[in-house]
Every structure is written in structure tokens, then in C-alpha cells.
Amino acid sequence: MKLQEIKNIDLAGKKVFIRCDFNVPMDEYSNITDDRRIRSALNTIRYCIDNDCSIILASHLGRPKEPFEDKYSLKPVAKRLHTLLKQEIIMAKNVVQDDTLELAKNLQAGDILLLENLRYNKGETKNDEEFAEKLASMADVYINDAFGVSHRAHASVEGITKHFDANSKAAGFLLAKEIQFFHHIVHNPKRPFVSIVGGSKVSGKLEALHNLVPKVDKILIGGGMAFTFLKALGHEVGNSLVEDDLIPEALKIMEEAKKLGVKFYLPVDVVAAEAFDKEAFAKPTTTQEIPKNWMGLDIGPATALLFAQALEDAHTILWNGPMGVYEMDKFAKGSAKISHAVASSYATTVVGGGDTADLVRVTGDEDEMTFISTGGGASLELIEGKVLPGVKALVIEE
Ligand code: AMP
């Protein structure tokens, strides 16, 4: 699969619309608490400035219910862009109203206009044609640099691409890097290829699990989802998170792994607690002896050692989903130990998903990972083997 890339587009002096992912976390005072997503967009923006483009930036932020709900305004993003780029950012008052279209029309080389939150307009998530056309009317060239939303057929991601020919639309540097990485990992990994899958539920990652099993050499399961597998094998799992309806699927996945010779690892012990509470009484216990009415909220110390050992000969590691309820200190140790084991391995290490990315930052292992993906849902869909709607329109060779 070959994507049209920004470096192959004639940009000189053009008006460029860049779909970014500025969906950054903010505190209650609208202070940005982590600006990584804004910083990751700078390569593409600077490249356009260097090419004397005038630039229109667009993003969503959160899920506003009402148009112009203040806490979802992109104004704080404009401020941060100003700080990082050291130049004026023209902040639009809305997304596609006449005054904004006029601002876009009058942009000069090097000017940057930031549209208001795309989701202030209902047409965005509905992939509304008229809205997409208005967005497209602002520019000569369309660049998608928003990996995190490329699995959504939204107007600024999918509908808009219909208004640009193959030489006027492309993937930005960030999107191209993410897609290439996952494509390579899934289709051409250096072996042994080990996947660590965690997080809350099997249901959220079912397709990805089905798709991973034939590709990997080993799969390590942690987090809440492990209990559906353990129950399927006949363990008493107390009040741990279990999706009973998925027990047949869990058995199918394990049978498939066995048939293909894929080593399938489940926790051998867990940290069990009396309640889902950071103050709850908790203790490590083997998975054979989880007390009735208790729940497993982290992998145990023996499992962390076992998993670390299973990672030792890996040449490629793909990790998606925490090993426990890492938001509570008491249940974060298993995830931290796996984070350190992944970081200290000699493998190519790819971390996907917001929680896991957050986790490796907290554990201080961020710089040791080969690649941290910005998009959770999008990276899962790539692992599932899907072509993302926002990427499809930018493919120039299958
Ligand atoms: P996901 O969005 O599916 O990747 O799940 C991430 C969430 O899974 C995190 O918020 C964790 O707190 C949660 N999680 C991990 N392990 C467990 C567990 N054993 N029981 C309940 N929730 C868990």
C-alpha cells in the first residue's frame, strides 16, 4: 500500500487545509495538560510554512453537545500553537460561516488560520456533503495528519477528500509515519513477534485478537480481558470483569492459537481486591485461588516475571492495553513492570492506544519505545486489517 505523501505534492504558494488531531486533554480551567498532539503536528505545519503556503488548521476537541460550548473551544490550542510556532494564529469564531470563509480567502503566504472545533457543526460526524464541500472550498490542497480520527468517516476526514484530485491531497508526516509503522509491523515483522494485549474488555479488541493470532509468535493477555479467558478455562474468577457471552469466542481464539502453534500466555496470578476501590484491601493470589466475591485488578508478581521472560527473545513487540487498573497506584505495578520489560528489550517496540501511551509516559519509559501511536481506535482497526476511511482516499497504489 502506497500513500500519497505531502512531500510529493506541489505545495508552493498554495492554500492548504490540514486536518490535525488537536484533541488534547485539558484541566477544568482549560489549561492544556499534555500538548504532545499539538507538537506532533508541527512538522507538517512547518513544512507548509517553508513552502510559502497559507494554512488552514482544523480539528475536533472532545464531544460538544451544543454548538459553541465554551469548554470545547480550540482557543487554548491557538495559544499553544502561537507559543510553539512563535507566530500569530488567526482564530476563527466558527467553522464554516461566511466570516470564516472570508478569513480563509484573504490568507497570505505564511498565515495560519485555526478553525473552531469541527464538531461544533453537526455535519462533521455525519459526514455531511454540504459541510465537507464548504470545508474543501477554503483550500487548494488537503492534508490529513490526524491518525487518531482516520478510522472515522467524518466530513473533515472522508467527505472532504472527494473535492481534491490525487495530486492535491496527501497524508501529512505524522499520518504517513503511523500508517507505515503499523503496516510494516502487521505485514512484515521481525520475529519472534510478541503481542501484549490488555485493557478492560475482550469485546473492544475481539477483531484485533482474531487478526493478531495468525500473525504473532506469542500473545500475552493481561488486564480485565484476561478473566474471560480464565473463566473459559474453568477458573473461579470471583467478581472480576467477565464477559460471559464472549466465552465461546475466547475458547475459539485459544483453539486457533493452539492450532497455529502460537504461544498463548494468561496470568498465573493476580492482585485481587475486595472492591473496585483504591483503598480496598488487596493481595496477590494465584489465578486458581481468587477468593469468591473478590476481583482481580492487576496481574500479579509471578505473571509480571513470566511475561518479562516471554518477552526476552522478542524482536518485535506490539502492546495495546494496560495490565491492570493502572489509574489506581495499588493496581499499577503489573503495568509498570511490563512497561519496563518492554522498554529494556532489544525489540522494535510499538505502543498503541491512549491508555498505554499515557502509562509509558508515567513510568518514564516513553523515550525507550521505538514508536508510540497517537491513535488507539485507529491503530486497532489497522491491526484488524481494515483500511481506514480517511486513509483510503489517499492511497495511490494498493
Ligand atoms: P481499554 O480502553 O479497553 O484499553 O481499557 C483500559 C482500561 O482497562 C483502563 O482504564 C483500566 O483501568 C482498565 N482495566 C485494566 N485491567 C482491569 C481489570 N483487571 N479490571 C477492570 N478494569 C481493568
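About the criteria used
Residues numbered from 1 in each chain as written. Predicted model: local features only at pLDDT ≥ 70, side-chain atom pairs only at ≥ 80, totals over all residues. Heavy atoms only, no water. UniProt positions renumbered as here; feature names shortened; annotations may be inferred. 1 Å grid on protein atoms, 1.4 Å probe; cavity = no way out; pocket = protein on both sides within 12 Å on 5 of 7 lines; lining within 4 Å. Helix = DSSP H or I, 4+ residues; strand = E, 2+ residues; numbered from the N terminus. Buried < 20%, exposed > 50% of the residue type's maximum accessible area, 1.4 Å probe, protein only. Contact = heavy atoms within 4.5 Å. Polar contact = N/O pair within 3.5 Å; in protein donor to acceptor, adjacent residues only side chain to side chain. Points joined across faces, edges and corners; volume = space filled by probe spheres on them. Nonpolar A, V, L, I, M, F, W, Y, C, P; charged D, E, K, R; others polar. Domains from an automatic or database assignment. Buried area = accessible area lost by both parts, 1.4 Å probe. Salt bridge = Lys/Arg side-chain N within 4 Å of Asp/Glu carboxyl O. Near = heavy atom within 4 Å. Areas by Shrake-Rupley, 256 points an atom, 1.4 Å probe, with all protein chains shown as cover. Sits in = over half its atoms within 2 Å of the grid points. Patch = residues over 30% accessible without salt bridge, like charges linked within 9 Å, V, L, I, M, F, W, Y side chains within 5 Å. Lys, Arg positive; Asp, Glu negative; His and termini not counted. Charge placed at Lys NZ, Arg CZ, Asp CG, Glu CD.

Let us now look at the UniProt feature "binding site: substrate" (unreviewed entry) in the protein. Per the UniProt annotation, the sites labelled "binding site: substrate" (unreviewed entry) are D21, F22, N23, R37, H60, L61, G62, R63, R119 and R152. Lining of the largest cavity among the annotated residues: D21 and R37. With respect to the helices, strands and loops of the structure, D21 is situated in the loop between β2 (15–19) and α1 (36–40). Since its relative accessible area comes to 9%, D21 is described here as buried. Those residues in contact with D21 that sit more than four places away from it in its chain are R37, S59, H60, D145, A146 and G148. From its side chain, D21 meets the backbone nitrogen of N23 in a polar contact 3.1 Å long. One can find G62 in the loop between β3 (54–58) and α3 (75–85).

This next bit is on the layout of surface pockets. Each pocket or cavity is described by its volume, and for the largest pocket that value is around 900 Å³. As for the largest pocket, its lining consists of 49 residues, and the residues nearest its centre are S200, K205, G353, G354 and D355. The element best represented in the lining of the largest pocket is strand β13 (residues 295–299), accounting for five residues. Looking at side-chain class alone, the lining of the largest pocket contains 15 nonpolar, 25 polar and nine charged residues. No fewer than three residues from each of domain 1 (2–173) and domain 2 (180–383) sit in the lining of the largest pocket. In this structure, the second largest pocket spans a volume of roughly 720 Å³. Lining of the second largest pocket is provided by 29 residues; of these, R36, S40, I372, S373 and T374 occupy positions nearest its centre. Mapped onto the lining of the second largest pocket, the elements with two or more residues apiece are α1, α6 (173–187), α12 (354–362) and β16 (371–372). Ranked by the residues each element gives to the lining of the second largest pocket, the list is headed by α12, at five residues. Of the residues assigned to the lining of the second largest pocket, the class counts are nine nonpolar, eight polar and twelve charged.

This part covers the domain arrangement of the protein. As far as domains go, the protein holds domain 1 (2–173) and domain 2 (180–383). Put simply, the middle of domain 1 and the middle of domain 2, counted by C-alpha atoms, are 35 Å apart. Both sides together, the interface formed by domain 1 and domain 2 hides about 790 Å², and carbon and sulfur atoms give 53% of it. When the area that domain 1 buries against domain 2 is broken down by residue, the three leading residues are R36, F147 and H151, summing to 69%. Connecting domain 1 to domain 2 are two salt bridges. Close ionic contact of E366 with R36 constitutes a salt bridge, the shortest N to O distance being 3.1 Å. In this structure, the connection of domain 1 to domain 2 is made through two residue pairs in polar contact (both at pLDDT 80 or more).

Let's shift gears to the site of the ligand. Looking at the ligand, there are 14 residues lining it, with S200, K205, G296, E327 and D355 nearest. At 2.9 Å from an oxygen atom of the ligand is found a main-chain nitrogen or oxygen belonging to S200. Side-chain polar atom of E327 to an oxygen atom of the ligand: 2.4 Å apart, as the coordinates give it. Within the complex, the protein chains bury 79% of what would otherwise be the 500 Å² of accessible surface of the ligand. A molecule is said to occupy a pocket when more than half its atoms come within 2 Å of that pocket's grid points, and by this definition the ligand occupies the largest pocket.

This brings us to the UniProt feature "binding site: (2R)-3-phosphoglycerate" (unreviewed entry) in the protein. Within the UniProt annotation, "binding site: (2R)-3-phosphoglycerate" (unreviewed entry) is assigned to R37, R119 and R152. For the largest cavity, the lining residues drawn from the annotated set are R37. Relative to the elements of secondary structure, R119 occurs in the loop between β5 (112–114) and α5 (129–136). The class for R119 is buried, based on a relative accessible area of 16%. In this structure, R119 is in contact with H60, G62, R63, P64, E124, T125, V149 and H154, ignoring residues within four places of it in sequence.

Another point: a negative patch on the surface. Residues D128, E129, E130 and E133 make up a contiguous surface patch of negative charge. Residue classification places D128 among the partly exposed residues on the basis of a relative accessible area of 32%.

This part takes up unusual backbone geometry. In this chain, R191 is followed by P192 through a cis amide linkage whose omega measures -5 degrees. Considering the arrangement of structural elements, one finds P192 in the loop between α6 and β8 (193–197). We note that D52 has phi near 55 degrees; this positive angle belongs to a residue other than glycine. For D52, the position within the fold is in the loop between α2 (42–50) and β3. In this structure D52 comes out as partly exposed when scored by relative accessible area, which is 49%. In this model, F68 sits at a positive phi of 65 degrees, which is unusual for a non-glycine residue. Note on F68: relative accessible area 41%, which makes it partly exposed.

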